[in-house]
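Structure at a glance
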Amino acid sequence: MDDLSNWFKKNNPFKTDSTFKGKGHVLGAKDDEEKRKQNQQQREDTNLAAARIKAEQHVGPEAAASLQKLLQQLLSSTTARSTCIPVLRKLLNNAVNEPDVPKFQRIRLTNPKIQATVVEVSGGLEYLQAAGFELNFTDAADGEGAEGFAVLPDERSAMPLLHAAVALLQAVPDPDTPPDGPQPQPRAASQAGPVPRMTQVLVPPEVDVSLLAPMPDAGLQMSGAE
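This one's a predicted model, so the numbers in the text were calculated from it and none came from an experiment.

**Brief notes about the overall build of the protein**
A tally of helices and strands in the protein yields 8 helices and 3 strands. Put simply, the protein runs from its N terminus to its C terminus through helices and strands in the order α-α-α-α-α-β-α-α-β-β-α. When each of the 226 residues of the protein is scored for burial, the buried share is 26%. Counting contacts in the protein only where the partners sit at least 6 residues apart, residues at least 24 apart contribute 68% of the total. With an accessible surface of roughly 16,200 Å², the protein has 53% of that area assigned to carbon and sulfur atoms.

See below:
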């Protein structure tokens, strides 16, 4: 039987290489992630280019370029991208959509959230100023120290800058939004069922028997018990 086993090992026409290429799998995953990041960056660049054109319609090329430069500075920081930009977008959207509501035209810089996400982030206050807000400081109500505000002037001349700044901010995707669309949610444990198995039917190829090595006679001999 050893001869028969050796013959099959050498001549088995259905033998397949089932070795799992672990390193290749890891490299493939890294390549996919890198490609996804590149596609995301390309989409962001395209959106910013379109937003730049829209901003120029409000304030002209020079002012739009200054706003975009400040925004690019914020985008270069992971912290600013995830915290400062979403807050700026909300603040400026409120000012644009509710021009007659005083609380949206005056931002208290000592507010803990504003201080942490805008004041203490490099480029945050600069973007507010470039959007038309003016920084004012007054004595604190308790008489200790000063209190700062970013105030939008009453003159409507500030509105074009504000609209341009909002247009550029809108081009940056929200960090809570998946870049490639909504992701499937995992099922709850109570809903979890049996995991479906992947079934694959392998159809053996046609084999030219004449090309096979002769089978040893020992494989065709029957023992007395057989």
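**Remarks on the pattern of salt bridges**
Within this structure, the stated rule accounts for 5 salt bridges. We note a salt bridge from R108 to E147, for which the minimum N-O separation is 3.6 Å. With R108 in strand 1 (residues 106-108) and E147 in strand 3 (residues 146-151), this residue pair connects regions lying 39 residues apart in the sequence. On the basis of relative accessible area, R108 is assigned to the partly exposed category, the value being 35%.

**Re the side chain of E147**
Looking at E147, the relative accessible area reads 18%, which means it is buried. A polar atom in the side chain of E147 sits 3.3 Å from the side chain of T110. Discounting residues that sit within four places of it in the chain, E147 has contacts with R108, T110, N136, F137, T138, D139 and A140.

**Some thoughts on the nonpolar core**
Ranked by internal contacts, the top residues of the largest apolar core, which has 40 residues, are L71, L92, Y127, L128, F133 and L162. For this core, the elements supplying multiple residues, two or more each, are helix 2 (22-59), helix 3 (61-75), helix 4 (78-97), helix 6 (112-119), helix 7 (124-130) and helix 8 (159-170). The element contributing the most residues to this core is helix 4, with 9 residues. In contact with L71, other than residues within four places in its own chain, are L48, I85, Y127, L168, L169 and V172.

**Here we look at the sheet that holds strand 2 (residues 134-139)**
Two strands in a sheet stick together by hydrogen bonds in their backbones, pointing the same way (parallel) or opposite ways (antiparallel). Read from one edge of the open sheet, 3 strands run 1-3-2, paired in antiparallel fashion. Looking along the sheet, the strands with just one partner apiece sit at the ends: strand 1 and strand 2. Averaged over all pairs of adjacent strands, the angle between strand axes in this sheet comes to 30°, irrespective of strand direction. Strand direction decides the pairing type here: strand 2 and strand 3, joined by 6 bridges, are antiparallel. Its bridge partner being in strand 3, E134 is matched across the sheet by V151.

The rules behind these values
- Residues numbered from 1 in each chain as written.
- Predicted model: local features only at pLDDT ≥ 70, side-chain atom pairs only at ≥ 80, totals over all residues.
- Heavy atoms only, no water.
- Helix = DSSP H or I, 4+ residues; strand = E, 2+ residues; numbered from the N terminus.
- Buried < 20%, exposed > 50% of the residue type's maximum accessible area, 1.4 Å probe, protein only.
- Contact = heavy atoms within 4.5 Å.
- Areas by Shrake-Rupley, 256 points an atom, 1.4 Å probe, with all protein chains shown as cover.
- Salt bridge = Lys/Arg side-chain N within 4 Å of Asp/Glu carboxyl O.
- Polar contact = N/O pair within 3.5 Å; in protein donor to acceptor, adjacent residues only side chain to side chain.
- Core = buried A, V, L, I, M, F, W, Y, C linked by side-chain atoms within 4.5 Å.
- Pairing = 2+ DSSP bridges.
- Axes fitted to C-alpha atoms, helices over the stretch in contact; angles between N-to-C directions.

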